[in-house]
Structure formats: structure tokens, C-alpha cells
Amino acid sequence: MYALADCNNFFVSCERVFRPDLWNKPVVVLSGNDGCVVSRSNEVKALGIPMGVPLYQIRDKVEKYGITCFSSNFSLYGDMSDRVMSLLRKHTTRFEQYSIDEGYIHIDHISPERQKTYCEQIVREIYQGTGIPISMGIAPTKTLAKVASKYAKKHKGYHGACLIDTEERRRKALEMFAVGDVWGVGRQARTKLHAAGITTALQFADRREEFARNLLHKPGLLTWRELNGIDCIDLGEMAQKQSITRSRTFASAVTELAVLEQQITDFCSSCARHLRAQQSVCRQLTVYAVTSRFRTDSVSHTIWADISLPVATSNTGELIEYALRALREQFQAGAPYKRAGIILTHILPAAHALPDLFDTRDRQKDERLQLTLDRMNDRFGKYTIQYATATMPAANADASVYKREHCSPLYTTDIRQILQVCV
DNA sequence: TCTGGGGTCCTAGGACCC
DNA sequence: TCTGGGGTCCTAGGACCC
């Protein structure tokens, strides 16, 4: 049996932990540049404000209902997530973290009749230990556990934990569950299912296996099996990322090459740090910068460069070199670039990297330098030593190309804020 | 005017091999 | 003039997730 622990309105809940005055008040968390709504409190959901809506489209409601808006603060959410996950891990020998706010506990070591009360206890423990409210769904497959967690979240009577352990409960739960809300059923699949006259999860589960395979191929087939109680989705451990991305949309369009160079430099530094942290190297680097996809009245241009690296690397300086060269080659003067980013792919363990016969770099020296820089930045702060084309951290607050007007303090990761909270 | 960011997996089709 | 069949690997693009 799986028990899925799913944090309720996670980003909003993180903000509320440090702002108890906002309990029972309408609150949203916004995406980068304060663009879209990415997390909503129950009060906001009740107002009919959908997920992902741009802030400017709901300005009147924000005003009218006094909705509190937060810019996203990922240092805070990441830290709160770590706290929740470490408490969850204590309850099982097999824990699979699925996202920043969800994880699956294997609970076969708990006798069937105690599983629900056991999970109710976990819900209370997490709340007491972190201030984050969670819901739990218990079932023989991950997809059914997801369904159960939605019921637990929706109805107070479950005390935070809903159990699907019998055929009767499975059928009843699926009968009242919209097929489009099933984990793994997206927009396309939903449209196809509706066209076939299927609107509930039970109607889908009750069709023949061949139907699911023919209509939705392998992913749909797996979902069908899971809904019928056959455990077949393996999340795997995935300790090593297969691709690493950094990208940002700018508050207003960028036309200066130098500004793009700074951004790309920052992205390279951040990705390369991540790469080294998981002890891997990459063989491909993609650099891009694009103009707004919503504007039709200005110059449209796409910079896109896939660069095959001669030797797999995690060296920040080397990545910056290749990235900036491609950027400069394709940069078009006058184009208003609204978003830029880099993607590292073809990632492999550093120990598996092959040397190149015609290599011109002193790799051992590079590595020693990189290690030294990492140590200095770990010890004295993230921006102690940077590459010269990077943005100046001091300038970040004022002259930033990003907008973050409603950011909460770094309550849990900045020593000055931690002291404030303690006081 | 203002519209996020970071991932994974699957599939079809092309290149290439014998 | 006649021009197969079976396989692997790679990649781009799509669908989906939070």
C-alpha cells in the first residue's frame, strides 16, 4: 500500500507559517515577475480564480476581496519542503519524493486496520512540526492514492487521510471522480475520452484494456491499470538529473547584448554548480533567447543554439565561453528579447567522461580552480567570486531585469531573518 | 502594458547497419 | 530490367506533471 502525502496549497501555506495573521484570509503566490497565480488559498479558489491566470486579469478581484499577493520565494519553499520530507521519511524504509510538495510512503509494515489512523497521526505530526497542512491518500497504487488524497483534501470528515482499500471503495471513489482530474490524464487525453462518451474515472476503468491502449497508448494504458488496482508506475530514484535548465522571463524586454550576456553567465554558473553537485558532466549545451510570444506588433526573433561540447564538462568558465560565443553570433540588434535560458543535456557521471585526443585545455587545472571557487563561495557566500560577465549581486535589488514586488523575507535561510523570527 | 519555471517519458521517423 | 527485410540508435516534438 502507498500513502501519498500532499501538502495543501503548498506555497501559500509556506507563506502563512510566518504570517499567521493571514490564516483564513485570501492569499495567492505569483510566478516570476509577479506574472501569474501559481498557488491559491482555499478562499481564493472559492472566488473562482483559476490556476495560472495572469495577475493583471484579476486586479479588480485582488482589490475587491483584499487578496494578499506574494512573489514566489523558492528559498523558503525549498527549505520548508526539506523539513516536511525529512519528517515523512521517518515513517518508512521506502520513501519516494515526487515533487516539492508530494511524496509516497510505503506503509505495508502497518497492519491494514491501522493504516488510516496511522496516516491521520502523520498529518497532525507534520502540522505540529512544520506548520504545513497536508492531506494523505492511501491505496494499492499511486494513481488511486492520488484520487484518495483529493478526497482527503476536499472533505473534512476524513481527518486528513482517505483510504481506498476495498473494491467497493475503489468503485465508489472513481464513480464520483472526473476522468480529466485523474493523474496522467491531460488536456488531449481528456478530449479523446470525452469524445468517446467517458466522463468519470470509473467509466474509463471499466472499459477493456485494449480500449485504453488504442486510444491513449502506453501512458494511458498504465493509468488504466493503476485505476484497476494494478501497481505499475515506478517513479524510480532519479538521483541524477538528465537535464538541467535555467531560464527567466524579463519584466520588460531586453535589447542590449551586454544584459543578455550577464543573464546567460548567471544561468551557466548556476547550472554548472548543480552539475558538479551531482558529480556529473554534460556533453551538450543549448542557449536561447526569444522575443515575446504574446506580442505581434514588434520584431520577433529567436536565438537558438545547440552546442555539442568536444569534451564533457562541468566547468563554469568553459560553458560560459561556448554559450556567449553562440549568443553573440545570433544576437539581432533591436530585437526585444523577453526570455532567455540555457539547457544542459547529455549528462553523464563525471567518472565516465572520456578525454579527447586533441584537447587543448588543462582539465586537471580547470578542476582545481573550480573546486577552489566552489569552496570559497560556499564558505563566504554565493557571490564572493564570480565570472566577470555575471550580474553584480549588489545591483540585483535595484537595477534587476526581474520584478518581485511582493517577496516575503528569507525567514528560514537568511541568518538575519532567522534571528528576527526567533526574537 | 502586464502572461512562470523545471522536469520526465513516449513516439514517430530518419539515418544507418548488415 | 529487376531493387528486401530486420534491426538499432538518435532526435525532435508532443504530452504530461507540479
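Below is a short write-up of the structure. (Residues numbered from 1 in each chain as written. Chains lettered and ligands numbered in written order. Predicted model: local features only at pLDDT ≥ 70, side-chain atom pairs only at ≥ 80, totals over all residues. Heavy atoms only, no water.)

## Focus: the packing of aromatic side chains
(1) Moving on: Using the criterion set out here, one finds 12 aromatic pairs in the structure.
(2) Moving on: Taking the centre distance of 6.0 Å and the plane angle of 55° together, the rings of Phe 10 and Phe 11 count as tilted. Taken as a pair, Phe 10 and Phe 11 share a single burial class, namely buried.
(3) Moving on: Considering the side-chain rings of Phe 331 and Tyr 337, the 5.7 Å spacing of their centres and the 35° angle between planes classify their relative orientation as tilted.
(4) Moving on: Looking at Tyr 337, the relative accessible area reads 0%, which means it is buried.
(5) Moving on: Grouping aromatic residues by their ring pairs yields a cluster made of Tyr 2, Tyr 98, Tyr 104 and Trp 183. (Phe/Tyr/Trp six-rings, centres within 6.5 Å; stacked < 30°, edge-to-face > 60°. Buried < 20%, exposed > 50% of the residue type's maximum accessible area, 1.4 Å probe, protein only.)

## Examining the protein's contact with DNA strand C
(1) Moving on: Around DNA strand C there are 14 residues in total, and Asp 101, Lys 146, Gly 184, Gln 188 and Ala 189 lie nearest to it.
(2) Moving on: When atoms of DNA strand C within 4 Å of the protein are split into backbone and base, the sugar-phosphate part holds 100%.
(3) Moving on: Within the side chain of Asp 101, an N or O atom sits 2.8 Å from a sugar or linking oxygen of DNA strand C.
(4) Moving on: Take Gly 186: an N or O atom from its main chain is 3.3 Å from a phosphate oxygen of DNA strand C.
(5) Moving on: Those elements that provide at least two residues to the surface near DNA strand C are strand E5 (95-99) and helix H8 (187-195).
(6) Moving on: For the surface near DNA strand C, the class distribution of residues is five nonpolar, five polar and four charged. (Near = heavy atom within 4 Å. Polar contact = N/O pair within 3.5 Å; in protein donor to acceptor, adjacent residues only side chain to side chain. Helix = DSSP H or I, 4+ residues; strand = E, 2+ residues; numbered from the N terminus. Nonpolar A, V, L, I, M, F, W, Y, C, P; charged D, E, K, R; others polar.)

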